[in-house]
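# Chain and residue survey
Chain by chain, the residues:
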Amino acid sequence: MNLFDSNLYRQVRLPLREAQTLPPECYSSVAFYEREVREIFMRKWNLVGRIDYLPRPGNYLTHEVAGVRFFIINGDDGVLRAFANTCRHRGAQLLDGEGVCERIVCPYHSWAYSNEGALTHANGMEEAVNFDAGAYGLTEIRLSTWAGFVFVNFDDNADDLSSYIGDLDRYTHSYHLEDMITVKRMEFSIHTNWKSYVENSMESFHHPSVHKDSVYNPKVKKRTVVGDPGHYVLVQSDAGGTTRAVLNGTSGFPAISTLEGAASLGAQYLLIYPCTMLGCDVDSMWFKQMVPDGPDRIRNIVAICFPKETVERSDFDQVVARYYERFDKVISEDNMIAETQYNGLRSPLARPGRFSHREPLVHIIDNWVLDQVLAPPA
């Protein structure tokens, strides 16, 4: 089977009610994954985290996307920058995890760099001929921010982030996401393909089965939006403004006072391609980074954020525990079903299925992936 033959996907390209799902091999093939890395993850904007992870000069955070290791650091000048996590001497990894440093020192031969990436000490190069320290600073990666989030792009020729997300702000501006505070972060290693987890995150067809005791609500009305312009899709739910990011039957914080339009009626769940998902509720915001570590494994990095005035409430610690209970339960349910689905998908006997009318965004997401990895028809 040639997974890059566009004829293979003629039935995936049909309208939703006529369309087949992607061939299972698209979720397990090393060749298909390598094409995704080259055409998607190396060319699109990838979420790293939130600005509030790095509040002071010297704070750094390491990250990895599809095998590329790098770090974000708050420079002594207060500017966030991204650099390849590799020494310019003989390539050793410079930093691990996250923390704070006055300067970046290679653990191998002690070359040192400023927090702005300049080489400040080239140990052992005293007798090198025509050595220009200014030419051996750290390799910088494009970094941009939106709504308090930090993104990187490995392609110097890619559109800037504001062009990439297009008119997304029209749906999110009233949350004031840039002012929210991250209060909890977790990371899970899941045996699944990144597309499977993204698909699951953007459909509610599985809720009666997987989330029946946590977040399933049959009364909520839903509407889908496809970014145009912008590389995003979203689901708007209408619950009359009564929903909170807590388990059914429990109470939470008041709604954000500035919400307008669809944001005031219920949650908005949005995907910024390829794998950044935000859940904007009437009282809070949570997000997921479904980062690939190969065709069959992801890091599911999740976090939850609240407005500053909510975090400053005297009862915050007491009430937020209800949010954490829901957060932990729903994530564990999704992690479990992701691995269950993938165990079946990677069977040599698995075959394409048919889309339900209740999976419009899965169909749209899969066709977006095909648009990136397949050559345009002649």
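For the structure, check the block above.
This is a predicted model, so every value here is computed, not measured.

### Points about the sheet that holds strand S10 (residues 149–153)
If you walk across this open sheet you meet the seven strands as S1-S10-S9-S4-S3-S2-S5, and the pairing is antiparallel. Both outer strands of the open sheet, strand S1 (46–50) and strand S5 (98–100), are each paired with one neighbouring strand and no more. The sheet shows a mean angle of 30° between the axes of neighbouring strands, direction not considered. In terms of strand pairing, strand S4 (residues 80–84) meets strand S9 (residues 140–146) through two bridges, oriented antiparallel. In the sheet register, Ala82 faces S9, and the bridge partner there is Ile141.

### Looking at the sheet that holds strand S17 (residues 298–306)
Pairing is antiparallel across the open sheet formed by seven strands, whose spatial order is S11-S17-S16-S15-S14-S13-S12. Here the strands that pair on one side only, and so sit at the sheet edges, are strand S11 (181–190) and strand S12 (221–226). In this sheet, neighbouring strand axes are inclined to one another by 15° on average, regardless of whether the strands run parallel or antiparallel. This element, helix H4 (residues 194–201), spans S11, strand S14 (268–272), strand S15 (276–280), strand S16 (285–292) and S17 of the sheet and lies at about 160° to S16.

### Describing the environment of Tyr108
As for its position among the elements, Tyr108 is in the loop between strand S6 (104–105) and strand S7 (112–113). With a relative accessible area of 48%, Tyr108 lands in the partly exposed category. Once the C-alpha coordinates of Tyr108 and Leu374 are considered, the two residues, 266 residues apart in sequence, prove to be 42 Å apart. Setting aside chain neighbours within four positions, we find Tyr108 in contact with Arg90 and Ala92.

### Structural notes on the pattern of salt bridges
Taken as a whole and assessed by the stated rule, the structure comprises 13 salt bridges. We note a salt bridge from Asp77 to Arg81, for which the minimum N-O separation is 2.7 Å. Owing to a relative accessible area of 15%, Arg81 belongs among the buried residues under this scheme. Through salt bridges with shared partners, one network takes in Arg38, Glu39 and Arg43.

### Thoughts on a negative patch on the surface
A cluster of acidic side chains, namely Asp169, Glu178, Asp179 and Glu309, defines a negative patch on the protein surface. Examined against the element boundaries, Glu309 turns out to sit in helix H6 (residues 308–311). In this structure Glu309 comes out as exposed when scored by relative accessible area, which is 52%.

### Some remarks on the nonpolar core
Core analysis: the largest hydrophobic core is formed by 93 residues, its most contacted members being Trp146, Phe149 and Leu177. Aside from chain neighbours lying at most four places away, what touches Phe149 is Leu47, Gly49, Arg50, Ser144, Leu177, Leu278, Met285 and Phe287. Residues Tyr60, Ile73, Cys106 and Leu138 belong to the second largest nonpolar core, which totals 16 residues.

### Concerning the pairing of S10
Within a regular beta strand, the side chains point alternately toward one face of the sheet and then the other, so they alternate between its two faces. With five of five residues buried, S10 is to be regarded as a mostly interior element. The alternating pattern of S10 places Phe149, Phe151 and Asn153 and Val150 and Val152 on opposite faces, both of which are buried. Judged from the four bridges that link them, S1 and S10 form a sheet pairing that is antiparallel. In the strand pairing of S10, Leu47 is matched with Phe151. Between S9 and S10, which follow one another and run antiparallel, lie two residues, and Ala147 among them has a positive phi close to 55°.

### A few points about the packing of aromatic side chains
Tallied over the entire structure, the rule returns 16 aromatic pairs. Ring centres 5.9 Å apart and planes at 5° place the aromatic pair Phe4 and Phe32 in the stacked group. Taken as a pair, Phe4 in the segment before helix H1 (30–41) and Phe32 in helix H1 lie far apart in primary sequence, 28 residues in all. Arranged with centres 5.2 Å apart and planes meeting at 25°, the rings of Phe131 and Tyr136 form a pair that is stacked. Looking at Phe131, the relative accessible area reads 26%, which means it is partly exposed. Each residue in the set Phe253, Phe306, Phe316 and Tyr323 is aromatic and connected to the rest through ring pairs, giving one cluster. Sitting over the ring of Tyr324, Lys184 keeps its end group 4.6 Å from the ring centre. Taking the ring centre of Tyr53 as reference, the NZ or CZ of Arg185 above it sits at 3.7 Å.

Reading the values: the criteria
- Sequence positions are assigned chain by chain, starting from 1 and proceeding in written order.
- Per-residue local features of the predicted model are confined to residues with pLDDT of at least 70, and side-chain atom pairs are confined, for both listing and counting, to 80 or more; whole-chain, interface and lining totals are unaffected and use all residues.
- Here the side-chain values reflect all heavy atoms present in the structure, with hydrogen atoms and water set aside.
- Only strands that DSSP links by at least two bridges are regarded as paired with each other.
- Elements are defined by DSSP. Helices are runs of H or I of four residues or more, strands are runs of E of two residues or more, and each kind is numbered from the N terminus.
- Simply put, an axis is a line fit to the C-alpha atoms, just over the touching stretch for a helix, and the angle between two N-to-C directions goes from 0 to 180 degrees.
- The contact criterion used throughout is that any non-hydrogen atoms of two residues lie within 4.5 Å.
- Throughout this description, buried means an accessible area under 20% of the type-specific maximum (1.4 Å probe, protein chains only), exposed means over 50%, and partly exposed covers the range between.
- Put simply, a salt bridge is a Lys or Arg side-chain nitrogen that is within 4 Å of an Asp or Glu carboxyl oxygen.
- Each patch groups residues whose relative accessible area exceeds 30% and which form no salt bridge, using 9 Å between like charges and 5 Å between nonpolar side chains of Val, Leu, Ile, Met, Phe, Trp and Tyr.
- Each accessible area is a Shrake-Rupley estimate made with a 1.4 Å probe; only the visible protein chains count as cover when residues are assessed.
- We count Lys and Arg on the positive side and Asp and Glu on the negative side, and we leave His and both chain ends out.
- By convention, the charge on Lys lies at NZ, on Arg at CZ, on Asp at CG and on Glu at CD.
- By nonpolar core is meant a set of buried Ala, Val, Leu, Ile, Met, Phe, Trp, Tyr and Cys residues that side-chain atoms within 4.5 Å join together.
- Classification of ring pairs uses Phe, Tyr and Trp, with its six-membered ring standing for Trp, and accepts pairs whose centres are within 6.5 Å; under 30 degrees between planes counts as stacked, over 60 as edge-to-face, and the remaining range as tilted.
- Criterion for a charge above a ring: Arg CZ or Lys NZ at most 6 Å from the ring centre, at most 35 degrees from the ring normal.

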